[in-house]
Amino acid sequence: MRKIILTIFTFAFVFTTIAQNKKQKQDAEAIKKMCGCYEVTFNFAETFNYSQDSLYLPSKTKIATGLEWAQIVGDESNDDKIQIQHLLQVGNPAEPMIIKHWRQDWLFENTDLYTYNADNEWTFVQKSKKDVKGQWTQKVFQVDDSPRYEGTATWVHVDGRSYWENTTPAPLPRREYTQRSDYNLTMRTNRHEITDFGWVHDQDNEKIVREKGAEDILLAKEKGYNTYVKVDDSRCAAAASWWKDHTNKWSVVRAKWDEVYARNQDLNLEQKVKNKVLYKYLFDDEITEEAQINPVIESFIKKP
């Protein structure tokens, strides 16, 4: 009887492991479908106003379009860590301008996260392995590879649909923090869904005023709906070529940030150093070497 029970448990364990590995591979395939060349449309509209100020003005509806190239950084066969670099290609198609855009890293069953806590501060949070079982962390980075926001959730594949959804605090988007200062945190609900035309980044965001020692104040809500329509990769050839020429520099930048994140400490960053933001230092074509890059990044990290 004991031998029969052990055999049953062994079969159950093997079956479960196979099912988990199959699910993880399915998840990874969905994530990798976000790579390629896309006609992208960014749509944002403020929906509800909760301000007590009668003179409050909602943000204007914003619609922008362009070409975006998304490329895997590192090992394309890795199904535990998938790094995707986004590049915007704008302007004259004959001589387009390439702009290094955001980066998203996907980590399977990751336990270490940096949670945004307003005013350029991130709190290091360590979850248990049980809490993240079967989940993927999406880590989103600024154009200079500094942190933006992170969240962990399960990819869902049902009725022919594949999507991932998570709610997490984040800094203000660039379109907002250059225009207003009446709130200091965005509570983002991000939904990434793979579609027959490409993929959709669907957002339901809350604009929050956060002050230490006080309850959060909800200022307004916002809807974001960004569509990525797949087109032939040849249309993003300029962006792909730009990344090939600049990949060594940005691998040095990522390595430095990886070393910072591996300290597993709360992170507080300067807005500016010598009246200049970080991306303007790192976007300088004269700054390419580790000996130049590392001190610049370190100068933006406030000491505990």
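Above this text you will find the structure in question.
## Things to note about the side chain of His201
Then, number 1: Here His201 is to be found in strand 12 (residues 198-209).
Then, number 2: Residue classification places His201 among the buried positions, given a relative accessible area of 5%.
Then, number 3: Discounting chain neighbours no more than four positions away, the residues touching His201 are Tyr149, Arg188, Asn190, Arg191, His192, Gly224, Tyr225, Asn226 and Tyr228.

## A word on the state of the cysteines
Then, number 1: In total, this model carries one disulfide according to the counting rule given.
Then, number 2: Across the disulfide from Cys37 sits Cys236; the S-S distance is 2.0 Å. One disulfide, between Cys37 and Cys236, carries an S-S torsion of 65° and so falls in the right-handed class. Note that Cys37 is positioned in strand 1 (residues 36-49) and Cys236 in the loop between strand 13 (217-231) and helix 3 (237-261), a separation of 199 residues in sequence. No difference in accessibility class separates Cys37 from Cys236, as the two residues are buried.
Then, number 3: For Cys35, which is in no disulfide, the shortest distance to another cysteine sulfur is to Cys236 and amounts to 12 Å.

## What to know about the packing of aromatic side chains
Then, number 1: On inspection of all chains with the given rule, the structure shows 16 aromatic pairs.
Then, number 2: On the numbers, 5.4 Å between centres and 55° between planes, the contact of Tyr114 with Phe124 is tilted. Here Tyr114 is found in strand 5 (residues 112-116), whereas its partner Phe124 is found in strand 6 (residues 121-126), with ten residues between them in sequence. For the residue pair Tyr114 and Phe124, the accessibility class agrees, reading buried in each case.
Then, number 3: On the numbers, 6.5 Å between centres and 25° between planes, the contact of Trp242 with Trp243 is stacked. In terms of burial, Trp242 and Trp243 fall into one category: buried.
Then, number 4: The rings of Tyr114, Phe124, Phe141, Trp257 and Tyr261 are connected pair by pair, giving a single aromatic cluster.
Then, number 5: Taking NZ or CZ as reference, Lys100 lies 4.3 Å from the ring centre of Trp250, over its face.
Then, number 6: A cation over a ring is seen here: Lys276 above Tyr281, with NZ or CZ 4.5 Å from the ring centre.

Calculation notes
Residues numbered from 1 in each chain as written. Predicted model: local features only at pLDDT ≥ 70, side-chain atom pairs only at ≥ 80, totals over all residues. Heavy atoms only, no water. Helix = DSSP H or I, 4+ residues; strand = E, 2+ residues; numbered from the N terminus. Buried < 20%, exposed > 50% of the residue type's maximum accessible area, 1.4 Å probe, protein only. Contact = heavy atoms within 4.5 Å. Disulfide = S-S within 2.5 Å. Phe/Tyr/Trp six-rings, centres within 6.5 Å; stacked < 30°, edge-to-face > 60°. Lys NZ or Arg CZ within 6 Å of the ring centre and 35° of its normal.

Any link to function would need more than the numbers given here.
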